[in-house]
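# Coordinate inspection notes
Now for the letters of each chain:
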Amino acid sequence: REAYGRARPDTHVLVLPLRAGDFFHASATLRGVRQRAKTQLLGATRYAEVSLLKRLGWRVICVAEHLWAWGPEDDAQTSLQNKELIFRLVA
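Residues numbered from 1 in each chain as written. Predicted model: local features only at pLDDT ≥ 70, side-chain atom pairs only at ≥ 80, totals over all residues. Heavy atoms only, no water.

### Concerning the pattern of salt bridges
For the structure shown, the criterion picks out four salt bridges. The salt bridge involving E65 is made with R19; its shortest N-O contact spans 3.7 Å. Taken together, the positions of E65 in helix α3 (residues 65-70) and R19 in the loop between β1 (13-18) and β2 (23-25) put the pair 46 residues apart, joining distant regions of the chain. Residue class for E65 comes out partly exposed when judged on its relative accessible area of 33%. For the salt bridge of D22 with R46, the shortest nitrogen-to-oxygen distance reads 3.5 Å. With a gap of 24 residues between them, D22 in the loop between β1 and β2 and R46 in helix α2 (residues 44-55) connect regions that are remote in the sequence. By the burial criterion, D22 is buried, and R46 matches it. Through salt bridges with shared partners, a single ionic network connects D22, R46 and E49. (Salt bridge = Lys/Arg side-chain N within 4 Å of Asp/Glu carboxyl O. Helix = DSSP H or I, 4+ residues; strand = E, 2+ residues; numbered from the N terminus. Buried < 20%, exposed > 50% of the residue type's maximum accessible area, 1.4 Å probe, protein only.)

Given below as structure tokens:
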């Protein structure tokens, strides 16, 4: 029996904050042009977590933690507006 209000892939969207440590920075030693162009790549552990959630049917939105908490210029008001926009788009 399923609990009422419990999060499920068909009823919820996951918003995952990504921390600086979740990325590694692309360098000139990377062979792929597309990878070098990204400048930041999601690390293997975090990439595996996101991929597994998607394979299990979850809709996942990844947001840089700093932008989620403070906005692009350390502005809490901008962050609040960003959160409201995301919630409106997925509603």
